[in-house]
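# Secondary and tertiary structure notes
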Amino acid sequence: MSLLPTATSTDVQEQQPRVAVLPVGSFEQHGRHLPLITDTAIACIISQEIADAYRVHLLPPITMSCSHEHAGFPGTVSISAKTLYAMIDDIRASLARSGIHKLVIVNGHGGNYVLSNVVQEANVDGPAVSLFPLGADWDRARDHAGLVSDRHADMHAGEIETSILLHTAPELVRDGFADADHDGGSRPFLLVQGMSAYTESGVIGFPSHATRDKGKAVLAAWPTASRATWKS
């Protein structure tokens, strides 16, 4: 799979999109069976689904974000919330100068809490920025695909993430996911103690239930959801 859009400047000029789509991922551990780029890959996959359905300006991903809860695991790299905020603010300003005043942020990492504040502040003077998928969108997709696990129990490197990659980028999924299930419990101090307090493997979820068909069904639940957000 390719994480980068290949449109030319001429393509954009001809299409004249009024909405841009920005994938935001992360570079963080996802156990032994999924790569550090998992969240980025999934954000790009969802963004491409939107771009295939609507006339939007698909942007390259932000590949590092707020992964501080994974700091105890090798390979993870984070940026601060203020840096992520500033990056998106700069991107919005640049898009506006080119005549694109609406932005959809496709977030692949649940720890990017600051994105909710970015969206709230951007919309004070009128609708301009939206965030997708939200919790309800993930729940809808799980129901549509018939997933065994729920969103809380299947938090990280579990059934839904593994299924999406098995469907769209199976080359990224390594052997061992069938034996990688881990129940992280209630996790009341996740923001204080990080992931390492609740999992040794880095997995909180049930990847053993993952299938390609589930991944396909998850993605099928989304392109028409909240289409007014990105319809150009």
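Note: the structure precedes this text.
Residues numbered from 1 in each chain as written. Predicted model: local features only at pLDDT ≥ 70, side-chain atom pairs only at ≥ 80, totals over all residues. Heavy atoms only, no water.

### Considerations on the sheet that holds strand S4 (residues 129–132)
Taken in spatial order, the four strands make up an open sheet running S2-S1-S3-S4, and their pairing is parallel. Only two strands of the sheet have a single neighbouring strand rather than two, namely strand S2 (57–58) and S4. Where strand S1 (residues 19–24) meets strand S3 (residues 102–107), six bridges bridge the pair, whose relative direction is parallel. Paired with Leu-22 across the bridge in S3 is Ile-105. Running at roughly 155 degrees to S4, helix H4 (residues 114–122) makes contact with S1, S3 and S4 of the sheet. (Pairing = 2+ DSSP bridges. Helix = DSSP H or I, 4+ residues; strand = E, 2+ residues; numbered from the N terminus. Contact = heavy atoms within 4.5 Å. Axes fitted to C-alpha atoms, helices over the stretch in contact; angles between N-to-C directions.)

### A closer look at a nonpolar patch on the surface
A cluster of nonpolar residues, Tyr-113, Phe-189, Leu-191 and Val-192, forms a patch on the protein surface that exposes about 520 Å² of accessible area. By the element assignment, Leu-191 lies in helix H7 (residues 190–193). (Patch = residues over 30% accessible without salt bridge, like charges linked within 9 Å, V, L, I, M, F, W, Y side chains within 5 Å. Areas by Shrake-Rupley, 256 points an atom, 1.4 Å probe, with all protein chains shown as cover. Salt bridge = Lys/Arg side-chain N within 4 Å of Asp/Glu carboxyl O.)

### Topic: H4
Along H4, the positions that sit buried rather than exposed are Val-114, Leu-115, Val-118, Val-119 and Ala-122. For H4, the arc enclosing every buried residue in end-on projection is 145 degrees, short of the 170-degree limit, so these residues lie on one face. In the core, the buried residues of H4 are packed alongside S1, helix H3 (81–97), S3 and S4. (Buried < 20%, exposed > 50% of the residue type's maximum accessible area, 1.4 Å probe, protein only. Arc of directions from axis to C-beta.)

### Concerning the environment of Leu-134
Positionally, Leu-134 belongs in the loop between S4 and helix H5 (135–145). In sequence terms Leu-134 and Glu-161 are 27 residues apart; their C-alpha atoms lie 15 Å from each other.

### Some points on the pattern of salt bridges
Evaluation of the coordinates by the stated rule reveals four salt bridges. Salt-bridge contacts for Asp-154 lead to Arg-142; the nearest nitrogen and oxygen are separated by 3.0 Å. Within this pair, whereas Asp-154 is found in the loop between H5 and helix H6 (159–168), its partner Arg-142 is found in helix H5, the two being separated by twelve residues in sequence. Taken individually, Asp-154 and Arg-142 each receive the classification buried, so the pair is uniform in this respect.

### Some thoughts on the pairing of S3
In terms of residue burial, S3 counts as a mostly covered element, since five of its six residues are buried. As paired elements, S3 and S4 share four bridges and run parallel to each other. Within S4, the residue paired with Ile-105 across the bridge is Leu-131. Read as a crossover between parallel neighbours, the route from S3 over H4 to S4 is right-handed. (Right-handed = clockwise from strand over helix to strand, strands pointing away.)

### Observations concerning the packing of helix H2 (residues 38–53) against H6
Closest axis-to-axis distance for the H2/H6 pair is 11 Å, and the angle between their directions is 65 degrees. Note that H2 runs across H6; the crossing there is left-handed. Contacts between H2 and H6 pair Thr-38, Asp-39, Ala-41, Ile-42 and Ile-45 from the former with Glu-161, Ile-164, Leu-165 and Thr-168 from the latter. Here the contact of H2 with H6 is composed, by residue class, of five nonpolar, two polar and two charged. (Left-handed = near helix turned anticlockwise from the far one by under 90°. Nonpolar A, V, L, I, M, F, W, Y, C, P; charged D, E, K, R; others polar.)

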